[in-house]
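Per-entry structural report
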Amino acid sequence: IPLPEGFEELEAVAPIDLLRRAGAEVIIASLSEELTVKGRNDIRLVADTTLSAALERNFDCLLLPGGPGVKYLRANQLVIERVRRQGRDGHWIAAICAAPTVLRDAGLIPGIRFTAHPSVAPELPGMISDRRVVTDGRVITSRGAGTAIEFGLEVVSALFGQATSQSVGTSICA
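Now for a description of the structure that goes with this document. (Residues numbered from 1 in each chain as written. Predicted model: local features only at pLDDT ≥ 70, side-chain atom pairs only at ≥ 80, totals over all residues. Heavy atoms only, no water.)

1. Here's the deal with unusual backbone geometry
- Of note in this structure, Asp42 is not a glycine but carries a positive phi near 65 degrees.
- Topologically, Asp42 is positioned in the loop between β3 (36-38) and β4 (44-46).
- A positive phi is found at Cys173, a non-glycine position, where the angle reads about 65 degrees.
- Residue placement: Cys173 occurs in the segment after α7 (162-171). (Helix = DSSP H or I, 4+ residues; strand = E, 2+ residues; numbered from the N terminus.)

What follows is the structure, given as structure tokens:
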């Protein structure tokens, strides 16, 4: 999970928490060389590593949180290239809120069904606006902070199966 300054806290923390409950190894990577990353609401998270160091590994899933920090994800060529590589290699990609614009920038949007935050609808023609979470192939998208738990449980389901997702969901009364 690459974290830029200004990330939407719920969209990062809820999936991180749910994935770790499911037993996933989640690596939080700061976009900058500073490990402490400030979210849009001044909540600071300490990343595990930097993006440049994390990209040496392969990942089953790349998860992109939304928020105002998406502009930094979009401007970072390492992120764009990693999104393309994830798609090319058939690995999971998950993007919430405004982060599906990163998928568009990487050339992955044509030909898939997806959703995103209404604020980016003008950039994403064809967006499904009446679904909270959309999975198409190995791409999972969601609308925003209010859908972060559903989104996180869908990612858990994709990586660990529906039974694990239901178990995690039950444990948190989702």
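After that view, the rundown keeps rolling.
2. Quick word on the sheet that holds strand β9 (residues 139-142)
- With mixed pairing, the four strands of this open sheet are ordered in space as β6-β7-β9-β8. Here the strands that pair on one side only, and so sit at the sheet edges, are β6 (61-64) and β8 (133-136). Adjacent strand axes in the sheet meet at a mean angle of 10 degrees, parallel and antiparallel pairs treated alike.
- In this structure, strand β7 (residues 92-96) lies alongside β9, joined through four bridges in parallel fashion. When the bridges of β9 are listed, Ala94 appears paired with Ile140.
- Along the sheet, helix α4 (residues 77-88) contacts β6 and β7; its crossing angle with β6, the most-contacted strand, is approximately 135 degrees. (Pairing = 2+ DSSP bridges. Axes fitted to C-alpha atoms, helices over the stretch in contact; angles between N-to-C directions. Contact = heavy atoms within 4.5 Å.)

3. Some words on the pairing of β6
- Residues Cys61 and Leu63 line one face of β6 and the alternating positions Leu62 and Leu64 line the opposite face, and both faces are buried.
- Summarising the sheet, β6 and β7 pair through four bridges and their orientation is parallel. Of the residues in β7, the one forming a bridge with Leu64 is Ala95. (Buried < 20%, exposed > 50% of the residue type's maximum accessible area, 1.4 Å probe, protein only.)

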